[in-house]
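Listed below, chain by chain, are the residues.
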Amino acid sequence: MTALIIFTLLMLLMLTGMPVSIALGLTVMTFLFTMTNVPVESVALKLFTGIEKFEIMAIPFFILAGNFLTHGGVAKRMVNFATSMVGHWFGGLGLAGVVACALFAAVSGSSPATVVAIGSILLPAMLKAGFPKEFGAGVIASSGGLGILIPPSIVMVMYAVATNSSIGALFIAGVVPGFLLTLFLGGITWYRAKKGNYPRQPKASWTQRLKAFKDSVWGLLLIVVVMGGIYTGIFTPTEAAAMSAVYAFVIAVFVYKDMGLKDVPKVLLNSASMSAMLLYIITNAVLFSFLLTNENIPQSLAAWMVDQGLGIIAFLIIVNVMLLMAGNFMEPSSIMLIFAPILFPMAMALGIHPVHFGIIMVVNMEIGMITPPVGLNLYVASGITKMGLSELTVAVLPWLFTMLAFLMLITYVPEISLWLPRVMGML
């Protein structure tokens, strides 16, 4: 009954069009001050300590690194490198978009940033080459989702914060699924391009490929800095985020020189604004999690599910459906911070590995990025292509179905997520 009151109140506030973060905070305040005897001091203390975690510092640093890379010419060089490698196949520029999104995802950690950086360069080139606008928009909007699966990922940091899981293990666990999803998206892109007989680029020579690689190598080295540093134990994921921000600044301003020092304050201000928005959501979500735990709701739900005899298969189907529905109306950070504390105890009670469960949640968030009415990638792609939301929804359908098939695979074959971290001794 308590859970019903809390979630009904939350849904009613969200239906008014109120931002999720404020709806969360108001739900907590209304319930605590009218139906419990929790002291006001403990609420104030929770608001302060909610973001007083070392791991959370990784979020603003990864945002800053992504912004330096988006504005600093790294994306353009990655697109050139990807085009030189796969441009001569059917739908070459589309395939280059998938590969470039995967490469940029591995240095930015953000899905909308990946769509903006790669889409603004590649979509005009695809239209000029004679590709249908719908095909280009579908490729970029869906492949941009790789930004939160391929490490480093801001959404994975959110999951780790919400469930006290290992960020390093999650990052390593995202490598194989990220590579596999890139193949899936590349496969459907190639198939549709061959079926539609879409244009191919002239085959690049190995000399041209080597030159394109040399041009993009400074950006690609960021992957080595972050993942290599975490795996070798040189620095923690949070320290890796700080290193990536410094590295991205040096590359953008002093190596590629696509940005001047006069542009840095604008990037810093933009990053601070995005970070403040996310940290405000986190603060209210932590407060919401505190309310649920105080009312013993996650533990009661976990016990109820076990008593019902729900097996792992049935539980994961329910989780996927619930998260896909939530993805239609909320953005990934909010979903992760609201649902992870509720679903995590149930998953643990059924013996599901926390890292595997984290990857399942992240893949669901990716699909939510391209489902209306609140698919962030759809809005970003709409801004670039000037297409309506309904047109874009139809355009992404082939890639959406491919991602749903991938979700089923990742859900019921845990070794895809767990093999690499296990081999590396991180589990």
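Keep in mind that what you see is a predicted model, and the values were worked out from it rather than measured.

## Details of helix α5 (residues 74-86)
Part 1: With 13 residues, α5 should cover 18 Å at 1.5 Å per step; its first-to-last C-alpha distance of 19 Å lies within 8% of that length.
Part 2: The buried count for α5 comes to 10 of 13 residues, which makes it a mostly enclosed element.
Part 3: Three or more residues of α5 are buried, namely Val74, Ala75, Arg77, Met78, Val79, Phe81, Ala82, Thr83, Ser84 and Val86.
Part 4: The inward-facing, buried residues of α5 abut α4 (58-71), α6 (92-108), α7 (111-129), α12 (206-232) and α13 (237-255).

## What to know about the environment of threonine 2
Part 1: Among the structural elements, threonine 2 can be located in helix α1 (residues 2-15).
Part 2: Judged by its relative accessible area of 28%, threonine 2 is partly exposed.
Part 3: Note: C-alpha distance between threonine 2 and leucine 292 (290 residues apart in sequence) is 9.3 Å.
Part 4: Filtering out sequence-adjacent residues up to four positions away, threonine 2 remains in contact with Phe31, Glu295 and Ile297.

## Digging into the pattern of salt bridges
Part 1: Taken as a whole and judged by the stated rule, the model has 3 salt bridges.
Part 2: Between arginine 77 and aspartate 258 there is a salt bridge, with the nearest N and O atoms lying 2.7 Å from each other. One end of the pair, arginine 77, is in helix α5; the other, aspartate 258, is in the loop between α13 and α14 (264-294), and 181 residues separate them in sequence.
Part 3: Among the residues examined, aspartate 258 registers a relative accessible area of 33% and is labelled partly exposed.
Part 4: Taking the shortest distance from any N to any O, the salt bridge between lysine 211 and aspartate 215 comes out at 3.3 Å. Here lysine 211 pairs with aspartate 215, and both are found in helix α12, just 4 residues apart, close to one helical turn.
Part 5: Looking at lysine 211, the relative accessible area reads 54%, which means it is exposed.

Quick notes on the rules
- Residues numbered from 1 in each chain as written.
- Predicted model: local features only at pLDDT ≥ 70, side-chain atom pairs only at ≥ 80, totals over all residues.
- Heavy atoms only, no water.
- Helix = DSSP H or I, 4+ residues; strand = E, 2+ residues; numbered from the N terminus.
- Expected span 1.5 Å × (residues − 1).
- Buried < 20%, exposed > 50% of the residue type's maximum accessible area, 1.4 Å probe, protein only.
- Contact = heavy atoms within 4.5 Å.
- Salt bridge = Lys/Arg side-chain N within 4 Å of Asp/Glu carboxyl O.

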